[in-house]
Amino acid sequence: MTESFKAVCLQALNDSVFIYQMMKALRLFRFTFLLAFFFSKLYSQPVFLHNNWQFRQSGKIQWNPAIVPGTVHTDLLTWGMIPDPFFGNNEKDLQWIENEDWEYRTTFSLTMTQLNHSEINLVFEGLDTYAIVTLNGKTILKADNMFRTWKVEVKPYVKPGENELSVLFESASRKGKEMAAILPYTLPGDEKIFTRKVQSQYGWDWGPRFVTCGIWRPVYIEIPENIDIRDIHILQKSISGDTASLEFSTSISSVAKAEVLFTIIDKDNQSTLIKKQVKLEKGSRDYSFQINILSPRLWWPNGMGKPELYHFRVSLSVNNQPLSEYNITTGLRKIELVQDKDSNGRSFYFRVNGVPVFAKGANYIPPDNFLPRVDSSAYRKIINEVCESNMNMLRVWGGGSYENNYFYDCCDQNGILIWQDFMFACAMYPGDKPFLDNVSEEASDNVTRLRNHPCIALWCGNNEIDEGWHNWGWQKQYHYSDSDSARIWNDYLELFQRRLPAILARLDPGSSYWPSSPSIGWGHRESLKSGDAHYWGVWWGMEPFETYEKKVGRFMSEYGFQGFPDLNTFDRFSHPADQYLGSEMLKAHQKHPAGYETIQTYMGREYKIPSAFPDYVYTSQLLQANGIRRAIEAQRRAKPYCMGILYWQLNDCWPVVSWSGRDWYGRWKALQYTVKKAYEPFIVSIYQDSTGIISVHLINDNPQPVKGKLEINLTDFQGKVYWSRSYLNIEVQTVKNTVFFLARNDTEPWLNTIGKNNTVLQARFVSEKGTSYESCYYFAKPSELTLYNDLSYHITGSGPEYTLHLHANKLAKNVWIRIDTTDAVYSDNYFDLMPGQDKGVQIRCNIEPDILKNKLMVRTLALIH
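Residues numbered from 1 in each chain as written. Predicted model: local features only at pLDDT ≥ 70, side-chain atom pairs only at ≥ 80, totals over all residues. Heavy atoms only, no water.

1. Considerations on the overall build of the protein chain
1) Next: Counting its secondary structure elements, the protein chain contains 18 helices and 44 strands.
2) Next: For the protein chain, the C-alpha atoms occupy an extent of roughly 140 × 70 × 65 Å along the three principal directions.
3) Next: A burial count over the protein chain gives 56% of its 865 residues as buried.
4) Next: Summarising the internal contacts of the protein chain: among those between residues at least 6 apart in sequence, 70% fall at separations of at least 24.
5) Next: Element-wise, carbon and sulfur atoms account for 50% of the exposed surface of the protein chain, whose accessible area totals about 35900 Å².
6) Next: Averaged over its 91 positive side-chain charges, the protein chain has a centre that lies 3 Å from the centre of its 95 negative ones. (Helix = DSSP H or I, 4+ residues; strand = E, 2+ residues; numbered from the N terminus. Buried < 20%, exposed > 50% of the residue type's maximum accessible area, 1.4 Å probe, protein only. Contact = heavy atoms within 4.5 Å. Areas by Shrake-Rupley, 256 points an atom, 1.4 Å probe, with all protein chains shown as cover. Lys, Arg positive; Asp, Glu negative; His and termini not counted. Charge placed at Lys NZ, Arg CZ, Asp CG, Glu CD.)

2. Description of the environment of G521
1) Next: With respect to the helices and strands, the residue G521 is situated in the loop between β27 (513-514) and β28 (533-534).
2) Next: A residue is classified by how much of its surface remains accessible, and G521, at 3% relative accessible area, is buried.
3) Next: Along the chain, G521 and W536 lie 15 residues apart, while their C-alpha atoms are 9.5 Å from each other.
4) Next: The residues touching G521, leaving out its near neighbours within four places in the chain, are E467, N471 and S527.

3. Digging into the side chain of N700
1) Next: Inspection of the secondary structure puts N700 in strand β32 (residues 694-700).
2) Next: For N700, the side chain forms a polar contact with the main-chain oxygen of V732, separated by 3.1 Å. (Polar contact = N/O pair within 3.5 Å; in protein donor to acceptor, adjacent residues only side chain to side chain.)

4. Considering the sheet that holds strand β15 (residues 258-266)
1) Next: The 4 strands lie next to each other as β16-β15-β18-β19, forming an open sheet whose pairing is antiparallel. Every interior strand has two partners, whereas the edge strands, β16 (271-280) and β19 (321-330), have only one. When strand polarity is set aside, the average angle formed by the axes of neighbouring strands in this sheet is 20°.
2) Next: Sheet topology places β15 next to strand β18 (residues 310-318); 6 bridges connect them, and they run antiparallel. The residue of β18 that forms the bridge with I265 is R313. (Pairing = 2+ DSSP bridges. Axes fitted to C-alpha atoms, helices over the stretch in contact; angles between N-to-C directions.)

5. Overview of the pattern of salt bridges
1) Next: Under the counting rule described, the total for this entry stands at 49 salt bridges.
2) Next: Here E546 and R630 are joined by a salt bridge, their closest N and O atoms 3.9 Å apart. One end of the pair, E546, is in the loop between β28 and β29 (556-558); the other, R630, is in helix α15 (residues 613-637), with 84 residues separating them in the sequence.
3) Next: As a salt-bridge pair, K839 and D828 come within 3.2 Å of each other at their nearest N and O atoms. With K839 in strand β43 (residues 838-844) and D828 in the loop between β41 (825-826) and β42 (831-833), the pair connects residues that are 11 residues apart, well separated along the chain.
4) Next: A residue is classified by how much of its surface remains accessible, and K839, at 26% relative accessible area, is partly exposed.
5) Next: The network of salt bridges with shared partners includes K433, D437, E494, R498 and R499. (Salt bridge = Lys/Arg side-chain N within 4 Å of Asp/Glu carboxyl O.)

6. Quick look at the sheet that holds strand β5 (residues 121-124)
1) Next: The strand order across the open sheet built from 4 strands is β1-β12-β5-β9, with neighbouring strands paired in antiparallel fashion. Whereas interior strands pair on both sides, the edge strands pair on one side only; in this sheet they are β1 (47-48) and β9 (150-153).

7. Re α15
1) Next: In a regular helix each residue adds 1.5 Å, so 25 residues correspond to 36 Å; α15 covers 36 Å between its end C-alpha atoms and thus fits that length.
2) Next: Where burial is concerned, most of α15 is hidden: 23 out of the 25 residues are buried. (Expected span 1.5 Å × (residues − 1).)

8. Here we look at the packing of helix α6 (residues 376-388) against helix α7 (residues 405-414)
1) Next: Two elements in contact, α6 and α7, have axes whose closest approach is 9 Å; the angle formed by their N-to-C orientations is 30°. Between α6 and α7 lies a crossing of right-handed hand. Across from S376, Y379, R380, I383, N384 and C387 in α6, the residues of α7 making contact are Y406, F407, C410, C411 and N414. (Left-handed = near helix turned anticlockwise from the far one by under 90°.)

9. Observations concerning the packing of aromatic side chains
Any two aromatic rings considered together are summarised by their centre-to-centre distance and by the angle between their planes.
1) Next: Enumeration according to the criterion identifies 70 aromatic pairs in this entry.
2) Next: Taken together, a centroid distance of 3.6 Å and an interplanar angle of 10° make the contact between F262 and F289 stacked. With F262 in strand β15 and F289 in strand β17 (residues 283-294), the pair connects residues that are 27 residues apart, well separated along the chain. For the pair F262 and F289, a shared accessibility class is recorded, and that class is buried.
3) Next: Residues Y647 and Y679 carry aromatic rings whose centres are separated by 6.4 Å and whose planes lie at 40° to one another, so their mutual orientation is tilted. Of this pair, Y647 sits in strand β30 (residues 644-647) while Y679 sits in the loop between α16 (670-678) and β31 (682-688), and the two are 32 residues apart along the sequence.
4) Next: Assessed through its relative accessible area of 0%, Y647 is described here as buried.
5) Next: Clustering of aromatic rings is evident, with ring pairs tying together Y185, F424, Y429, F435, W469, Y478, Y480, W489, Y492 and F496. (Phe/Tyr/Trp six-rings, centres within 6.5 Å; stacked < 30°, edge-to-face > 60°.)

10. Some points on the nonpolar core
1) Next: In this structure, F124 and L127 are the most contacted members of the largest nonpolar core, which totals 240 residues.
2) Next: For this core, the leading source of residues is α15, giving 11 residues.
3) Next: In this structure, L127 is in contact with V133, L141, A143, N145, M146, W150, V167, F169, G214, I215 and W216, ignoring residues within four places of it in sequence.
4) Next: Core analysis: the second largest hydrophobic core is formed by 23 residues, V684, L761, F765 and F779 among them. (Core = buried A, V, L, I, M, F, W, Y, C linked by side-chain atoms within 4.5 Å.)

11. What about empty space enclosed by the protein?
1) Next: Within this structure, the stated rule accounts for 5 cavities of 30 Å³ or more.
2) Next: Lining the largest cavity are 14 residues; nearest its centre among them are E170, S171, A172, T212 and C213.
3) Next: Grouping the constituent residues of the lining of the largest cavity by class yields 7 nonpolar, 3 polar and 4 charged.
4) Next: Taken as a whole, the second largest cavity encloses approximately 40 Å³ of empty space.
5) Next: Residue lining of the second largest cavity: M428, Y429, P430, I488, D491, Y492, L495 and F496, and that is the complete set.
6) Next: Its residues assigned to classes, the lining of the second largest cavity shows 7 nonpolar, no polar and 1 charged. (1 Å grid on protein atoms, 1.4 Å probe; cavity = no way out; pocket = protein on both sides within 12 Å on 5 of 7 lines; lining within 4 Å. Points joined across faces, edges and corners; volume = space filled by probe spheres on them. Nonpolar A, V, L, I, M, F, W, Y, C, P; charged D, E, K, R; others polar.)

12. Describing the packing of helix α14 (residues 595-606) against α15
1) Next: In the contact formed by α14 and α15, the axes pass within 10 Å of each other and the chain directions differ by 80°. One way to sum up the angle between α14 and α15 is to call them roughly perpendicular. Between α14 and α15, the residues in contact are I599, Q600, Y602, M603 and E606 and Y616, T619, S620, L623, N626 and R630, respectively.
2) Next: Counted by class, the contact of α14 with α15 contains 5 nonpolar, 4 polar and 2 charged residues. (Parallel < 35°, antiparallel > 145°, perpendicular 65-115°, else oblique.)

13. Some points on the pairing of strand β14 (residues 243-254)
1) Next: Most of β14 sits inside the fold, with 11 of its 12 residues counted as buried.
2) Next: Strand direction decides the pairing type here: strand β13 (residues 227-239) and β14, joined by 11 bridges, are antiparallel. Each bridged residue has a counterpart across the sheet, and for Q236 the counterpart in β14 is L246.
3) Next: From the end of β13 to the start of β14, which pair antiparallel, there are 3 residues.
4) Next: Where β14 lies against β17, 12 bridges are found, and the strand directions are antiparallel. By the bridge assignment, S245 is partnered in β17 with N292.

14. A few points about the confidence of the model for the protein chain
Any residue range with low pLDDT should be treated as having predicted coordinates unsuitable for detailed reading.
1) Next: When pLDDT is averaged along the protein chain, the result is 93, and 95% of the positions lie at 70 or above.
2) Next: Within the model, pLDDT remains below 50 along residues 1-43, and this stretch shows 27 contacts once partners closer than five positions in the same chain are excluded. (pLDDT = per-residue confidence, 0-100.)

15. Things to note about the side chain of S685
1) Next: Here S685 shows up in strand β31.
2) Next: Taking the relative accessible area as the measure of exposure, S685 reaches 0% and is therefore buried.
3) Next: For S685, the side chain forms a polar contact with the side chain of E633, separated by 2.6 Å.

16. Overview of unusual backbone geometry
1) Next: For the bond running from V68 to P69, omega is -5°, close enough to zero to count as cis.
2) Next: Tracing the backbone through its elements, the reader meets P69 in the loop between β3 (64-65) and α2 (72-78).
3) Next: Positive phi values are uncommon outside glycine, yet N320 reaches one of about 65°.
4) Next: Note on placement: N320 falls in the loop between β18 and β19.
5) Next: At E464, a residue that is not glycine, the phi angle is positive and equals roughly 65°.
6) Next: Mapped onto the elements of the fold, E464 is located in the loop between β26 (456-460) and α9 (465-471).
7) Next: What makes E464 buried here is its relative accessible area of 9%.

Laid out in C-alpha cells, this is it:
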C-alpha cells in the first residue's frame with residue numbers, strides 16, 4: 001500500500017466521520033427547529049378589527065365614527081344623521097341611502113413577530129355586498145356576496161406598525177339594475193335577483209325597503225398555527241340505542257411533513273375516545289378517524305325527549321406539547337324525511353331516531369331589517385319563546401339570511417328542528433357561470449358552517465319558485481318566447497336540481513334535500529296529497545276560515561293571516577294623532593297591497609267591526625288567532641295524514657301589521673297565546689261538520705299513551721248545564737287520535753231551546769295524573785253571541801311578580817289584559833273564562849303596585865259588542 005493510497009483512505013475515513021457527525025447534528029437541529037416551529041402558536045387566536053372604524057358617503061370629505069359589525073343605516077342613525085327608519089313615514093324619506101356608495105376605513109398594527117409567521121389572513125365573515133377592499137393602497141378583494149366568508153392571504157401586503165384598511169361599498173340597487181339591463185329578457189324579481197343579499201331588504205309584503213350595506217359580520221386577522229386544524233365534519237354513520245358510529249373528517253394544514261398525536265376527548269366525562277399517531281403531509285389534507293360511542297345519549301326534538309349534546313375536544317400534539325386544538329359540539333341523532341306512497345298519494349314527514357315527528361312550528365324571517373343589531377340575548381329570547389310555545393321546528397325562510405351561529409346553537413340546545421332554505425325566494429334567478437359559481441361558493445360556505453348542528457333537518461332549495469313558474473303567469477306577464485322560457489327553466493334546473501344537491505352530496509352526505517317549497521301550488525288538488533303545501537286560499541283567495549278545515553295537506557309549510565301588533569307597539573313607532581285607520585302612518589306600516597281591506601272583509605264575517613282604534617287592534621288579533629287556531633286543530637285532527645304545521649309567520653323584522661304572532665318588539669299578539677295552547681302535546685279539539693255531526697278529538701303527541709276520562713257538557717253562558725256525558729278509562733295513543741262522536745239529537749233539541757247564541761259545548765279530559773285539558777265550541781260566530789261583562793278581578797304581589805285573580809260569573813269571552821304604556825309578560829291572555837270559573841294569570845312587570853292598579857286594564861269581547 002503506497003503512502004498516497006493510505007492518505008486517501010485516511011481522508012475518506014475522516015470525511016465519513018465528519019459526515020456522520022454533521023448528519024447527527026443536522027437531525028438534532030431539524031428536530032429542535034421543528035419543535036420550535038410547530039409550537040409557535042402565540043398568535044393563533046383571531047385579532048378582531050372592530051375598533052376605530054370610520055365611514056362616509058363616497059365623495060364627501062367628512063369621516064364619521066362607525067360601528068363594526070354594522071350597516072350604513074344604523075351608523076347614520078347612531079350619529080343622528082337620519083331619523084329612526086322605523087318611525088312613522090320615515091322609510092320613504094330614507095330611500096336615497098341605497099343609491100349612494102359608502103366608504104369605511106380603519107387602521108391596525110402588526111408586530112415583526114406576527115409578520116414573520118408563514119401565513120396571515122384577513123377574514124370578513126360578512127360583507128354586504130359589493131365591496132372593494134384595499135389594504136395599504138392595494139386592492140386585495142372584490143366581494144359580491146353577502147352570504148359568503150371572504151378570506152384573503154395578506155402577508156404580501158402588510159407591514160410592521162400601522163396598516164390602513166378600507167372598504168368601498170357600491171350601491172347594490174345600482175349594480176343590480178346594471179346587470180338586469182344586460183339580459184335580453186326581464187326576470188321576475190326586479191334588480192334584487194342579481195345580488196346575493198337578503199332579498200326581503202328590497203321590500204316584501206311584511207317588510208320595508210332598506211337596501212343595506214356594511215361590514216355586517218365579524219372581521220379579523222387570522223394567523224394560523226403552523227400545524228392547524230381548520231375544520232371538522234362529524235359524519236354520523238349509524239345511530240342506534242347501543243352504538244353510535246362516527247367519522248371525524250378532519251381538515252389539517254401543515255407547513256411541512258410531520259408526525260403528530262391525534263386525540264379526541266369527550267369533554268363531558270373527560271374520556272379519551274381516540275389517541276393515534278398520524279403522519280401529516282405538507283399542505284392542507286383531510287384525515288378521517290372512526291370512533292364508536294357505546295350507549296349514546298340521543299338528541300331529541302322538543303317534547304320528545306332531551307336534546308342531548310356531546311362536546312368534543314380534538315387536539316394535535318408532539319411529545320405532550322400541544323400544536324392545535326378544535327372544540328366542537330354536536331348531537332347524535334338520525335333524521336329522515338319520509339315520503340312513502342300510500343292510498344292518498346305520498347307521505348311527507350320527519351322521523352327522528354326511528355320515531356315519527358309531528359312538526360309544530362312556524363316560518364322564521366330575519367328578526368331585524370338591520371341584522372347586526374340582533375344580539376345573542378335576542379336570539380335566546382326568540383328560541384326560548386319558541387319552546388314556550390310548544391314548537392319543535394322552525395323554517396328559516398329563503399328570502400332572509402342564513403342565520404348567525406348562535407341562533408343554531410340555541411336550536412341545538414332546545415331541540416328545535418330547522419328546515420333550512422337556501423336564500424332564494426319568489427323569483428327566477430340568473431344562470432350565467434359567474435352567478436352560479438358565486439352561489440356554489442355561498443352554498444359551500446354555509447353548508448360547511450352548519451352541517452354539524454343536530455337541529456338541521458332539511459335543506460330546501462328555494463321558496464315558491466317552482467310554484468311561481470308554473471302558476472303565477474310569469475311567462476305571459478314578461479312575454480317570454482319559447483326559447484326564453486326554455487333557457488330560464490334550464491337555469492333553474494341547473495341551480496336547484498343539480499348544483500345544490502351536488503354540493504350537499506359532497507359536503508353533507510346523508511342530509512335531506514327538497515328542491516322547492518311547496519312542490520305543487522295551492523290551486524291544485526295534488527298539493528294536498530303529497531309533498532309540502534303552502535295554502536293561501538284563505539287570505540289571498542279570500543276563502544272563509546272554514547276552508548282550513550277542509551283543505552289539509554300532508555305537511556302544511558305555509559299559511560297565515562294578518563293581525564295588528566300590540567297597542568304599546570304602536571306607541572313606539574307612531575304619534576297618537578296618527579293612530580287611526582286610513583292614516584298615512586298606518587299605510588306605511590302595512591306592506592300587503594290589499595292588507596287592510598282583507599282584514600276588514602274577514603272581520604265583517606266573524607265579528608262586529610269596532611270604530612275605536614284600540615278596539616279594532618284587539619279585534620284584529622282575535623280574528624287572526626281564531627283563524628289560525630281552526631287551521632292548526634284541523635291539521636292535528638288529520639294526523640297521521642298530516643304530519644307538520646309551519647304557519648306564516650313567527651316574527652317581524654320591523655313594527656308592522658303582519659302575519660306574525662310576536663311583533664318586532666317581542667310583544668305577543670293573541671295569536672301567540674293561542675298557538676301555545678294549540679301546540680300543547682295533548683289537546684282536546686271539537687269539530688262540527690256540515691251535516692251537524694259533532695266530534696270530540698283527543699290528540700296526543702307525547703311519547704307515551706295518556707290515560708284518563710272525558711267529560712262533555714252543554715251549558716248556557718250563565719253556567720246552567722243542559723246535557724252531559726262521560727267516558728271513562730280512555731287510553732289515547734300517540735300514533736292515532738281518539739275520536740268520540742255525538743249524535744245530532746244529543747245537542748240539537750237543547751240548541752233550539754237555549755239558542756245557539758247562548759250555548760257552549762265544553763269538553764274536559766282529565767288524565768290519571770290529574771292534569772286537565774279543556775276545549776270549548778260555540779255554535780254561532782262571535783258577532784252573533786249574547787255576551788256579558790260580568791267579570792271580577794283583583795291583583796296580588798309586590799313586583800315585579802304579580803298575580804291577577806279573575807272570576808267569571810257568566811261567560812267571559814276573550815279576556816284581554818293590558819297595562820297601559822308598560823311592557824309586561826303575561827302567562828296567558830285573550831282567553832275565555834267559563835261561567836263560574838276562576839283563573840290566576842301571572843304578570844311580570846317592573847312597576848310599583850299602586851301604579852300597576854291604575855294602569856291595569858281588563859276587558860272582554862262583550863265591551864266591543
